[in-house]
Amino acid sequence: MKAVLKRSPATNFASWDACVAHSGIWLANSSIGRRRRIAAGVLIYAQGSRHPFFYLIRQGFVQTAMTHETGRRLALELMGPGSIFGEGAAFDGSERFVDAWATTDCELTVYAPDDIRNAGTSGALLFESLIKIMGAKQRILAAKLLQFSNEDPQARMRALLARLVSVQRRSDPSGGARINQIWISQEQLGEMCGMSRVSAARALRRLADGGLVSTHPKYVEVLDAALLEAELYRQP
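All of these numbers come straight from a predicted model, not from anything done at the bench.

**A word on the overall build of the chain**
Part 1: Looking only at helices and strands, the chain has nine helices and 11 strands in total.
Part 2: The buried share of the chain, taken over its 236 residues, is 47%.
Part 3: For the chain, the share of sequence-separated contacts (at least 6 apart) that also reach a separation of at least 24 residues comes to 75%.
Part 4: Split by element, the accessible area of the chain, about 11500 Å² in all, is 53% carbon and sulfur.

**Structural notes on the sheet that holds strand β1 (residues 34-38)**
Part 1: Within the open sheet, the four strands sit side by side as β1-β8-β3-β6. Their pairing is antiparallel. On the outer flanks of this sheet lie β1 and β6 (84-85), each paired with one strand and no other.
Part 2: Relative to strand β8 (residues 106-111), β1 is paired through five bridges, and the arrangement is antiparallel. Bridge pairing links Arg-34 to Val-110 in β8.

**A closer look at the nonpolar core**
Part 1: Counting residues in hydrophobic clusters, the biggest one holds 22 residues, and the most contacted among them are Met-157, Leu-161, Ile-182, Leu-189, Val-213, Val-222 and Leu-228.
Part 2: Elements with a minimum of two residues in this core: α6 (153-171), α8 (197-209), β11 (220-222) and α9 (225-229).
Part 3: It is α6 that contributes the most residues to this core, six residues altogether.
Part 4: Once residues within four sequence positions are removed from consideration, Leu-228 is found in contact with Arg-158, Leu-161, Ala-162, Leu-212, Val-213 and Val-222.
Part 5: Counting 14 residues, the second largest nonpolar core, distinct from the first, contains Tyr-55, Ile-57, Val-98 and Val-110.

**A closer look at the packing of aromatic side chains**
Two descriptors summarise a pair of aromatic rings, namely the distance from one centre to the other and the angle between the planes of the rings.
Part 1: Within the structure shown, the criterion is met by nine aromatic pairs.
Part 2: Taken together, a centroid distance of 5.9 Å and an interplanar angle of 75° make the contact between Trp-26 and Phe-54 edge-to-face. Of this pair, Trp-26 sits in helix α2 (residues 24-28) while Phe-54 is found in strand β3 (residues 54-59), placing the two residues 28 residues apart along the sequence.
Part 3: You can call Phe-54 buried: its relative accessible area is 0%.
Part 4: For the pair Tyr-55 and Phe-85, a centre-to-centre distance of 5.2 Å together with 15° between the ring planes defines the contact as stacked. A residue pair is termed long-range when its members are at least 10 positions apart, and Tyr-55 in strand β3 and Phe-85 in strand β6 qualify at 30 residues. Here Tyr-55 matches Phe-85 in class, with each residue buried.
Part 5: Its guanidinium or amino end placed over the ring of Tyr-45, Arg-96 lies 4.2 Å from that ring's centre, counting from NZ or CZ.

**Notes on the pattern of salt bridges**
Part 1: This model, assessed by the stated rule, comprises four salt bridges.
Part 2: When the shortest N-O distance is used, the salt bridge between Glu-107 and Arg-37 registers 3.3 Å. With Glu-107 in strand β8 and Arg-37 in strand β1, the pair connects residues that are 70 residues apart, well separated along the chain.
Part 3: With a relative accessible area of 7%, Glu-107 lands in the buried category.

Procedures and definitions
Residues numbered from 1 in each chain as written. Predicted model: local features only at pLDDT ≥ 70, side-chain atom pairs only at ≥ 80, totals over all residues. Heavy atoms only, no water. Helix = DSSP H or I, 4+ residues; strand = E, 2+ residues; numbered from the N terminus. Buried < 20%, exposed > 50% of the residue type's maximum accessible area, 1.4 Å probe, protein only. Contact = heavy atoms within 4.5 Å. Areas by Shrake-Rupley, 256 points an atom, 1.4 Å probe, with all protein chains shown as cover. Pairing = 2+ DSSP bridges. Core = buried A, V, L, I, M, F, W, Y, C linked by side-chain atoms within 4.5 Å. Phe/Tyr/Trp six-rings, centres within 6.5 Å; stacked < 30°, edge-to-face > 60°. Lys NZ or Arg CZ within 6 Å of the ring centre and 35° of its normal. Salt bridge = Lys/Arg side-chain N within 4 Å of Asp/Glu carboxyl O.

Structure below.
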C-alpha cells in the first residue's frame, strides 16, 4: 500500500465520507481545538488503546483498519478533508476498535470532548452537528452491511468502485485526467468489500469484460462511471 501511496496523488485516496454535508461548521471554526500537522505514515491512534481525542481532517487523507483475532487485516475507510473521526471513543472513553494513520501529510484539528462542552453557544451548535454526523455514519454503516450481505462479488465491487469515483470527482471538480483511476491494490479493494484477492480479481475481470473498467498493474480505471454509479447507494 505504501508504494501505491507514494506514486499516487492525494485525490486518488479520497474517502466516501458521509460527514462532509455536516462538517462545514467545524471547518469554519478556528477558535476551538488545536491544529496539528502530521507526516504520512504516522499512527494517530492504535486499536485497543484509550485515546481521549477526536479529529477533523483539514488537509490530507487518513486510513483506518482493524486486525481480526485471526490475524487478518481489514481496511475500513480512507477519509479526506471534512471528515471527522474518533469521536465515539473520545466521548465514552472506550478502547479504539481500529488503527488510524495518515496516508499522506495531513493537517488536522484535534479536539478533546471538554473543548466542545466548554464552548458555549458555538459548542451547542457543534454538538448538534456531531449528532448529525454520527447519524449519517450509522446510515452508511447500514448500507455497507447490506452491500457485504450481497452474495454477488461483482455487484459489491461495482458499488465500491462507484463510491470511490464519486468522491474523487467531488474532491477534484475540475475533472482531471485521473479522476476515474483508482490507485488501490486489488487485494485492498477486495478487503474493502469483504472478499479475497482472488475473488476481487475475478470480479474486476468480469467488469472489464463488460466494458466498465480496465485493470492495470497499479490501478483500476473506470471506463463507464455513469453506469457504475447506477449501483451507488444514495447518500442520506
